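# Chains, contacts and geometry: an overview
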Amino acid sequence: MTEQRPVTQTYAVTGMTCEHCVRAVTAELSTLPGVEEVRVDLSTGTATVTSADPLPVESVRSAVDEAGYELAGGVA
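Below, the structure is looked at part by part. (Residues numbered from 1 in each chain as written. Predicted model: local features only at pLDDT ≥ 70, side-chain atom pairs only at ≥ 80, totals over all residues. Heavy atoms only, no water.)

### Side note on the side chain of Thr-48
Looking at the secondary structure, you find Thr-48 in strand 3 (residues 46–51). Judged by its relative accessible area of 11%, Thr-48 falls in the buried class. When neighbours within four sequence positions are excluded, Thr-48 is seen to be in contact with Thr-8, Gln-9, Thr-10, Glu-37, Val-38 and Arg-39. (Helix = DSSP H or I, 4+ residues; strand = E, 2+ residues; numbered from the N terminus. Buried < 20%, exposed > 50% of the residue type's maximum accessible area, 1.4 Å probe, protein only. Contact = heavy atoms within 4.5 Å.)

Put into structure tokens, the structure is as follows:
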């Protein structure tokens, strides 16, 4: 049996200006099924998500939108 490796994807997020923004985006992305880790970098405007399987872009977009920000395109 082969072990499945986690998938890491980075997304561009617009509208983040402070640590509150980082916490809000992190919290929403963390609720997606299969997500193991979320790292949001305010200086680059990116969110890096590690999950068991690739995440549908629309699910990521919806979570970012729920946090009050916008996904800029798909995977950065």
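### Quick notes on the pattern of salt bridges
In the structure shown here, the tally under the stated rule is two salt bridges. A salt bridge links Arg-39 to Glu-37, with the nearest nitrogen and oxygen atoms 3.2 Å apart. Assessed through its relative accessible area of 37%, Glu-37 is described here as partly exposed. Its salt-bridge partner being Arg-61, residue Glu-58 comes within 3.3 Å of it at the nearest N-O pair. Here the residue Glu-58 and the residue Arg-61 both occupy positions in helix 2 (residues 57–67), the gap between them amounting to three residues, near one helical turn. (Salt bridge = Lys/Arg side-chain N within 4 Å of Asp/Glu carboxyl O.)

### Regarding the pairing of strand 3
Across the six residues of strand 3, six count as buried, placing the element largely inside the fold. Of the two faces of strand 3, the one carrying Thr-46, Thr-48 and Thr-50 and the one carrying Ala-47, Val-49 and Ser-51 are both buried. In this sheet, strand 3 lies alongside strand 1 (residues 7–14) in antiparallel orientation, the contact comprising six bridges. Looking at the pairing, Gln-9 lines up with Val-49 of strand 3. Here six bridges tie strand 2 (residues 35–41) to strand 3, and the two strands are oriented antiparallel to one another. By the bridge assignment, Val-35 is partnered in strand 3 with Ser-51. Counting the residues between successive antiparallel strands, the hairpin from strand 2 to strand 3 contains four residues, one of them, Gly-45, with a positive phi of roughly 70°. (Pairing = 2+ DSSP bridges.)

### Some points on the environment of Glu-37
Structurally, the position occupied by Glu-37 is in strand 2. Once the C-alpha coordinates of Glu-37 and Val-25 are considered, the two residues, twelve residues apart in sequence, prove to be 12 Å apart. Other than its neighbours up to four places away in sequence, Glu-37 contacts Thr-48, Val-49 and Thr-50. Engagement of the side chain of Glu-37 in a polar contact is seen with the side chain of Arg-39, the distance being 3.2 Å. (Polar contact = N/O pair within 3.5 Å; in protein donor to acceptor, adjacent residues only side chain to side chain.)

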